[in-house]
Amino acid sequence: VYDSKNLNLEFNLVDDSHRMKVIYHGIVPDLFKDNADVVVEGQYHPSGFFKASQLLAKCPSKYEAQYEERKKGGGSK
């Protein structure tokens, strides 16, 4: 849920069977969407949510290309 007026975002981060509520304040990256791979930096709060200070959306095609290149032995990026 994104409140564009106040720049507040709440979403669930899911990894396998684990789910965590994330709260973020700021501009949301263009690549951020449902089922996107993201990196969040911040702090976990004992009340059960993660307060993100940084939100980075990963471009799957970029990282897949780098992975394939590494598998072929062509780089360390």
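Residues numbered from 1 in each chain as written. Predicted model: local features only at pLDDT ≥ 70, side-chain atom pairs only at ≥ 80, totals over all residues. Heavy atoms only, no water.

Helices and strands together make up the secondary structure of the protein, namely one helix and five strands. Every one of the 77 residues in the protein was classed for burial, and the buried ones make up 18%. As presented, the protein carries roughly 6,200 Å² of accessible surface, and 49% of it is formed by carbon and sulfur atoms. (Helix = DSSP H or I, 4+ residues; strand = E, 2+ residues; numbered from the N terminus. Buried < 20%, exposed > 50% of the residue type's maximum accessible area, 1.4 Å probe, protein only. Areas by Shrake-Rupley, 256 points an atom, 1.4 Å probe, with all protein chains shown as cover.)

Note: strands within a sheet are paired through backbone hydrogen bonds, in either parallel or antiparallel orientation. Strand order in this open sheet of five strands is β1-β2-β3-β5-β4, and the pairing throughout is mixed. At either end of the open sheet lies a strand with only one pairing partner, and these are β1 (2-3) and β4 (38-45). In this sheet, strand β5 (residues 49-57) lies alongside β4 in antiparallel orientation, the contact comprising eight bridges. Pairing of V40 across the sheet is with L55, part of β5. (Pairing = 2+ DSSP bridges.)

Quick look at the environment of G26 now. Structurally, G26 is set in the loop between β3 (18-25) and β4. Placed 19 residues apart in sequence, G26 and L7 show a C-alpha to C-alpha distance of 5.1 Å. Ignoring sequence-local partners within four residues, the contact set of G26 consists of Y2 and L7. (Contact = heavy atoms within 4.5 Å.)

Under the criterion given, the structure shown has one salt bridge. K21 is the partner of E10 in a salt bridge, and the nearest nitrogen-oxygen pair spans 3.3 Å. Residue E10 is located in strand β2 (residues 8-15), and its partner K21 is located in strand β3; the two are separated by eleven residues in the primary sequence. For K21, a relative accessible area of 36% gives the class partly exposed. (Salt bridge = Lys/Arg side-chain N within 4 Å of Asp/Glu carboxyl O.)

Residues L9, F11, V22, Y24, V28, F32, V38, V40, F50, A52, L55 and A57 constitute the largest nonpolar core, which totals twelve residues. Going through the elements one at a time, β2, β3, β4 and β5 are the ones with two or more residues in this core. Per-element accounting of this core gives the leading share, four residues, to β5. Those residues within four positions of F11 in sequence are excluded, and the remaining contacts are M20, K21, V22, F32, V38, V40 and L55. (Core = buried A, V, L, I, M, F, W, Y, C linked by side-chain atoms within 4.5 Å.)

What follows concerns the confidence of the model for the protein. Within the protein, residue pLDDT values average 83, and 77% of them lie at 70 or more. Across the protein, the secondary-structure element scoring lowest on mean pLDDT is helix α1 (residues 60-71), at 56, and the one scoring highest is β3, at 95. (pLDDT = per-residue confidence, 0-100.)

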